[in-house]
Each structure stands twice: as structure tokens, then as C-alpha cells.
Amino acid sequence: MTQASSTSPLAALLGRSSTGDLVAPAPQGDVLARILSAGLRAPDHGHLCPWRYVVITGEARPAFAEHVVAAVARQEPDAPEKKREKRRRRFSETPMIIALGMHLRPEHKVPVMEQEMAVAAGAMNVLNALHMEGFGGVWISGGFCEDRSLLSQLGLDAPHRLAGFLLVGTPEKPERTSNRPEIDEYVAVWDGWSPVTFGADDRRR
Ligand SMILES: Cc1cc2nc3c(=O)[nH]c(=O)nc-3n(C[C@H](O)[C@H](O)[C@H](O)COP(=O)(O)O)c2cc1C
């Protein structure tokens, strides 16, 4: 297969990795606006624009971290103290947090799952745009993302939901390219006649 040139946009896409080891700076001003605009370029059935990004940075982080810890306590009462502390630290110390709100319209003819997928596609665009601008991030979630009181703080009263959070900043270390699956295991060409099989599924049987 032809390789992408090392400076091509495709090479940039192939070189992205998630990382939660993030330091300042996070993107700001026009750069942040352009990165978030990439999210709004995702495919969106019915042009419903279901994405709602809430940016949490600076002094707002420790206050938001306390809301997260309270939500963890409500949603996962058996979670060990260590886990709560980890959430507190991540949400108060990561340079920027972007909540991935979903403005859902259950009454609309476009199925809710497609509305949610548009938000997910937008989030991926944001992660790619961050990487291309020299920043980094990771998408996280958890039971606390279902907590209605936390969602209210983010302007996401029912039926709106939260797809998780992007933790955002500058990668502390050079991005490590994690092992990636082999493309042949996940791609098949249909011959016009017989059902396809995937190498990945054969291997897992
Ligand atoms: C919807 C969603 C939620 C996720 N939640 C978590 C999470 O809570 N914790 C976590 O470590 N990774 C989570 N991940 C996975 C990471 O974002 C990331 O994809 C994974 O660490 C692999 O890194 P990569 O993007 O470099 O392949 C989530 C991914 C998605 C799409």
C-alpha cells in the first residue's frame, strides 16, 4: 500500500495518539475557535447541529472538579477514594476540559443514535485538529457523565446528554504511537456474491 508522505495531512491523522499527560498551554483565542470549528464540520444528518461544547479552563477547573467528584459519589457510591482523587486531580489540573454536550431531539425523524454519532464525529474532528495544531488530548467518560445534576451545570437538562469530556493541553512527552490494528483484519471487499468474513472475527472465534 502507498505510504502517506511524512508531511501530508493523512500522515498527521495516522500519527495522532490520545494522551492524558498534558501540560499548559491549551489552545486559546482564534486557534481554539478554529479547532472547535472543525468539530462543527462533522457529518450531521438533518443539519441538527447537536454538538454543544462547554470549555472549562483556568480558575473554573477546581470548582468544576468538585462537581465531578460529587457526581462520581452519586453515580458510583462504591468507587474507592483513590478514583475520586484521580478525577479531582485530572479535572482541576488538566489545562483545559471540553465537555461534549449533545443537544438531542428525540421527537425528530433523524434517529437519536444518528444525532449522537454526529457529536462523536465532531469530537473526533476536534481531537484531530488539536493534534494538527501541536496540542493533544484524550476523550474520557464514565458513569458520572449520566449525572443529571452535573449535566445541569453544563446547560444540558434532559433530554440532552453528555458524550464525555476531552482533556486538552500540550502533550508532556512526544506522542507515543500506540500499536494500531492491521487494516486487513478489519476491511473486506465484497465480491458481489458471497458474504464477507473479517480476519479479526476469525481470530476471535
Ligand atoms: C466515547 C469514548 C469514551 C472513552 N472513555 C474513556 C475513559 O473514560 N477512560 C479512558 O482511559 N479511555 C477512554 N476512551 C478511550 C480513549 O479516548 C482513547 O481512545 C484510548 O486511550 C486509545 O487511544 P488512541 O486514541 O491513541 O487510540 C474513550 C473513548 C471514547 C470514544
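Quick notes on the rules
- The residue numbers shown here count from 1 along each chain, following its written sequence.
- This being a predicted model, a pLDDT of at least 70 is required before a residue's local features are given, and a value of 80 or more before pairs of side-chain atoms are given or counted; all residues contribute to the totals for chains, interfaces and linings.
- Excluding hydrogens and water, the side-chain figures rest on all heavy atoms present in the structure.
- UniProt positions are given in the numbering used here, feature names are shortened, and annotations may be inferred rather than shown by experiment.
- Among the buried residues, those of types Ala, Val, Leu, Ile, Met, Phe, Trp, Tyr and Cys that are joined through side-chain atoms within 4.5 Å form a nonpolar core.
- Working definition: with a 1.4 Å probe on protein chains only, accessible area under 20% of the residue-type maximum means buried, over 50% means exposed, and in between means partly exposed.
- Note on conventions: DSSP H or I runs of at least 4 residues are helices, E runs of at least 2 residues are strands, and numbering of each starts at the N terminus.
- Two residues form a contact once any of their heavy atoms are found within 4.5 Å.
- When at least one non-hydrogen atom of a residue lies within 4 Å of a molecule or strand, that residue is treated as near it.
- Side-chain atoms alone can form a polar contact between residues adjacent in sequence; in general such a contact is a pair of N or O atoms within 3.5 Å, and within protein one must be able to donate a hydrogen while the other accepts it.
- Here, Shrake-Rupley sampling with a 1.4 Å probe gives the accessible areas, and only protein chains in the shown set may cover a residue.
- Think of a patch as exposed residues, more than 30% relative accessible area, with no salt bridge, where like charges cluster within 9 Å and nonpolar side chains (Val, Leu, Ile, Met, Phe, Trp, Tyr) cluster within 5 Å.
- Salt bridges are defined as contacts in which a side-chain nitrogen from Lys or Arg sits within 4 Å of a carboxyl oxygen from Asp or Glu.

- Per an unreviewed UniProt entry, the chain goes by the name Putative NAD(P)H nitroreductase and belongs to Bombella dulcis.
- The chain has a UniProt comment under Sequence similarities (unreviewed entry) that states "Belongs to the nitroreductase family."
- Under the Cofactor (unreviewed entry) heading, UniProt states for the chain: "FMN".

**So, the nonpolar core**
Working step 1: Formed by 23 residues in total, the largest nonpolar core has its most connected members in Tyr53, Ile98, Val126, Leu130 and Leu166.
Working step 2: Elements represented by at least two residues in this core include exactly α2 (29–39), β2 (51–57), β3 (96–102), α5 (112–132) and β5 (161–171).
Working step 3: Top element by residues in this core is α5. It accounts for seven residues.
Working step 4: Each residue touching Leu166, except ones within four places of it in the same chain, is listed here: Met96, Ile97, Ile98, Leu100, Ala123, Val126, Leu127, Val138 and Trp139.
Working step 5: Counting residues in each nonpolar core, the second largest holds 22 residues, with Leu22, Val138, Phe165 and Leu167 among its members.

**Overview of the site of the ligand**
Working step 1: Taken together, Arg16, Ser17, Ser18, Val138, Trp139, Ile140, Ser141, Ser178 and Arg180 form the complete shell of residues around the ligand.
Working step 2: The contact in question runs from an oxygen atom of the ligand to an N or O atom on the side chain of Ser18, over 2.5 Å.
Working step 3: At 2.9 Å, a backbone N or O of Ser141 approaches an oxygen atom of the ligand.
Working step 4: In isolation the ligand offers 620 Å² of accessible surface; the protein chains occlude 51% of this area.

**Some remarks on a nonpolar patch on the surface**
Working step 1: A cluster of nonpolar side chains, Leu10, Leu13, Leu14 and Met132, forms an exposed patch at the surface whose accessible area comes to about 380 Å².
Working step 2: Sorting elements by how many residues they give to the nonpolar patch places helix α1 (residues 9–14) first, with three residues.
Working step 3: As for its placement among the helices and strands, Leu10 is situated in helix α1.

**Details of the environment of Val168**
Working step 1: In this fold, Val168 is placed in strand β5.
Working step 2: Take Val168: its relative accessible area is 0%, and that puts it in the buried class.
Working step 3: In contact with Val168, other than residues within four places in its own chain, are Leu22, Ala26, Pro27, Thr94, Pro95, Met96, Ile98, Leu130, Gly136 and Gly137.

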